[in-house]
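Structure at a glance
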Amino acid sequence: MEYDFLIVGAGLFGAVFAERATAAGKRVLVIDKRSHIAGNVYTEPVAGINVHRYGPHIFHTHMDEVWEYVHRFARFNDFVYRPLASYHGEMYSLPFNMHTFEQMWGVTTAEEAAARIAQQRGAAPAEPQNLEEQAISLVGTEIYEKLIKGYTEKQWGRPCTELPSFIIKRLPVRLEYNDNYFNDPHQGIPMGGYTAMVQRMLEGIEVRLGQDYLADRAAWDALAPRVVYTGPIDAFFGYRLGTLEYRSLRFETEVLEQPDFQGRAAVNYTDRETPWTRIIEHKHFEFGTQPKTVVTREFSKEWQRGDEPYYPVNDARNAALYAQYRELADAEPRHLFGGRLAEYRYYDMDDVIHLALEAAAREFNRG
């Protein structure tokens, strides 16, 4: 065979695995259905600004080894994610912290904020059965109504009472003036964009774009004894057991003839009446000083075949269906399934890289 590995997908999992395989002396071919590398972290220059085409990606990790690994391919700035929430024009700090509580209630001490939350929590059940009950048990009714309910129902297309509680079990609530969205010690944006970082991972590796693996799987499989598949797991098996559900996104991007639009990388629109979930202003990710700015409005939508899948719908039906597909995947001796689509799970970028590094280590230590 011509290659040792065929890697289906030039996103983070595929690129990291390809880089590690090449470093181990393996012959690698990477293919991707899209016309570009880097998957959903793809960035492209618009008006001199690196635009995150598939939504904002802020790199953050607690794993030193992952942080060290990505620094082989990019320099990172010290961007910290501090989004704002807009509720009918009222602006609030995110994640929920003392800035938020002061803006919402005028309180200035942790004791006052905790007392207000406890008062509004009321008789919240000890074991919340849905997202609404979980949210109220964490932050009380007013913050739930203003900053969670509308945004979440737009995001998932379902009432909060029909969504599982675990979606926001790890919702940050801080009784301190700390508006850093993430707790991880390592945070930043690769200077020059994610595409340049992935390009460096793939240096010296053959990459073919615009190639649909599933349209001619036998021909592609004939090229290598081992195949790393990062696409949708149900599509791999021809949807024979049914279709896994996702939420998808739609983006409206425009260039504005002004140096700044909202003074922040991201503003979430938490009222139900505003059709978009957030507005992204891309120049702020790299502290740009360009004379123009680029903004993207993000809309959540129900996924249909042909749409880009973003967020798996983690309910009992989909979990059971994925488990059945996982059994089929485990019975495929030539194929390694990895990444968010192949594992039907929403991963942060550092998790994807960590899993790819682990998969490569196992692969090259076999036997």
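Small disclaimer: the values here were computed from a predicted structure and weren't measured.

Another aspect to go through is the sheet that holds strand β11 (residues 246–256). The strands making up a sheet are joined through hydrogen bonds of the backbone, oriented either antiparallel or parallel. Pairing within the open sheet is mixed, and its seven strands lie in the order β7-β6-β12-β13-β14-β11-β15. Looking at the sheet topology across the chains shown, the edges are occupied by β7 (90–93) and β15 (311–312). Of the pairings in the sheet, the one linking strand β13 (residues 278–281) to strand β14 (residues 293–302) comprises four bridges and is antiparallel in character. Along β14, the bridge assignment pairs Ile-280 with Thr-296. The sheet strands contacting helix α5 (residues 131–156) are β6 (84–87), β7, β11, β12 (266–269), β13, β14 and β15, and the helix crosses β6 at an angle near 90°.

Between two packed helices, both the angle of their axes relative to each other and the distance between the axes serve to describe the pair. Interhelical geometry of helix α1 (residues 12–23) versus helix α10 (residues 349–364) gives an angle of 35° and a closest axis separation of 8 Å. You can see that α1 and α10 cross each other, and the crossing is right-handed. In contact with Leu-12, Phe-13, Val-16, Phe-17, Arg-20 and Ala-21 of α1, α10 contributes Met-349, Val-352, Ile-353, Leu-355, Ala-356, Leu-357, Ala-359, Ala-360, Glu-363 and Phe-364.

Right, let's get into the pairing of β11. Of the strand pairs in this sheet, β11 and β15 are connected by two bridges, and their pairing is antiparallel. If you follow Arg-247 over to β15, its bridge partner there is Tyr-311. Relative to β14, β11 is paired through ten bridges, and the arrangement is antiparallel. Bridged to Arg-247 within β14 is Glu-302.

Going through the model one piece at a time under the given rule, you end up with 22 salt bridges. Here Glu-302 makes a salt bridge to Arg-158, at a shortest N to O gap of 3.4 Å. You can see Glu-302 sitting in strand β14 and its partner Arg-158 sitting in the loop between α5 and β8 (186–188), a full 144 residues away along the chain. The salt bridge involving Arg-247 is made with Glu-302; its shortest N-O contact spans 2.5 Å.

Quick look at the nonpolar core now. Side chains of a nonpolar character, in soluble globular proteins, are inclined to be buried together. Formed by 78 residues in total, the largest nonpolar core has its most connected members in Phe-17, Phe-59, Phe-101, Met-197 and Ile-353. A per-element tally of this core places α5 first, with nine residues. Residues contacting Phe-59, with those up to four places away along its chain left out, are Val-66, Trp-67, Val-70, Phe-76, His-186, Gln-187, Gly-188, Ile-189, Tyr-194, Met-349, Asp-350 and Ile-353. Formed by 27 residues, the second largest nonpolar core is a distinct cluster that contains Val-8, Phe-236, Phe-237 and Tyr-325.

Time to look at the packing of aromatic side chains. Under the counting rule described, the total for this entry stands at 29 aromatic pairs. Ring centres of Tyr-269 and Trp-276 lie 5.9 Å apart, and the angle between their planes is 80°; this geometry places the pair in the edge-to-face category. What links up through ring pairs into an aromatic cluster is the set Tyr-213, Tyr-229, Phe-236, Phe-237, Tyr-325 and Phe-337. The lysine or arginine in question, Arg-34, covers the ring of Tyr-54, its NZ or CZ lying 4.2 Å from the ring centre.

Analysis parameters
Residues numbered from 1 in each chain as written. Predicted model: local features only at pLDDT ≥ 70, side-chain atom pairs only at ≥ 80, totals over all residues. Heavy atoms only, no water. Pairing = 2+ DSSP bridges. Helix = DSSP H or I, 4+ residues; strand = E, 2+ residues; numbered from the N terminus. Contact = heavy atoms within 4.5 Å. Axes fitted to C-alpha atoms, helices over the stretch in contact; angles between N-to-C directions. Left-handed = near helix turned anticlockwise from the far one by under 90°. Salt bridge = Lys/Arg side-chain N within 4 Å of Asp/Glu carboxyl O. Core = buried A, V, L, I, M, F, W, Y, C linked by side-chain atoms within 4.5 Å. Buried < 20%, exposed > 50% of the residue type's maximum accessible area, 1.4 Å probe, protein only. Phe/Tyr/Trp six-rings, centres within 6.5 Å; stacked < 30°, edge-to-face > 60°. Lys NZ or Arg CZ within 6 Å of the ring centre and 35° of its normal.

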